[in-house]
Amino acid sequence: MGQRFQSGAFVQQCFAVHPLCLSLKRIDETGRLIIACTSCRMMHHMAADQVVARVAAVPVDGDMSGAKALPTAKELLEACLLAHPVSVTIRELDVIRDSVGLRCADCRRIFDLQVSVFESHQKS
């Protein structure tokens, strides 16, 4: 197994130097985001404490009435990752403010996450 770094510096460097090489793989059973970098061959793990979802373009004819339960932002993000994982990209990353911004191109949702732990693993 490779080295493990408990710092946001590695993922911040990846995002700054080669953002197109980062891909969101999944959300694991503990709720951590798993992000792979094909350039530096690292896996970045982020524990998201809070997830906020918003729609980039609101449909004009949308019906907001109804008594059905709305999914949480985390459930929406997990659904996006299952339905169209390639469409979910990192649009913003700030380790000073402990925040990550994601965007789903297919459903036009934007996700803002507050992260409590950044961790990077060197692939062997």
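See the structure above.
Bear in mind the structure is a predicted one, so any value in this text is a computation, not a measurement. Every residue gets a number counted from 1 within its own chain, in the order that chain's sequence is written. Local features in this predicted model are restricted to residues of pLDDT 70 or higher, and side-chain atom pairs are both shown and tallied only at a pLDDT of 80 or more, whereas totals for entire chains, interfaces and linings draw on every residue. With hydrogens and water excluded, all non-hydrogen atoms of the structure serve as input to the side-chain values.

Draft legend 1. Just unusual backbone geometry, in detail. Phi at Arg41 takes a positive value of approximately 55°, unusual for a residue other than glycine. For Arg41, the location among the structural elements is in the loop between β3 (32-37) and β4 (42-55). At Arg108, a residue that is not glycine, the phi angle is positive and equals roughly 60°. Per the convention used, a helix needs a DSSP run of H or I reaching at least four residues, while a strand needs a run of E reaching at least two, with both numbered from the N terminus. Within the fold, Arg108 resides in the loop between β6 (99-104) and β7 (109-122).

Draft legend 2. Main features of the pairing of β4. At least two bridges found by DSSP between two strands are what make those strands a pair. Looking at chain direction, β3 and β4 are connected through six bridges and run antiparallel. Bridge pairing links Cys37 to Met42 in β4. Between β3 and β4, which follow one another and run antiparallel, lie four residues, and Arg41 among them has a positive phi close to 55°. For β4 and β7, the ladder comprises 13 bridges, and the chain directions are antiparallel. Looking at β7, one finds that Met46 is bridged to Phe118.

Geometric descriptors of this kind do not, in isolation, establish any biological role.
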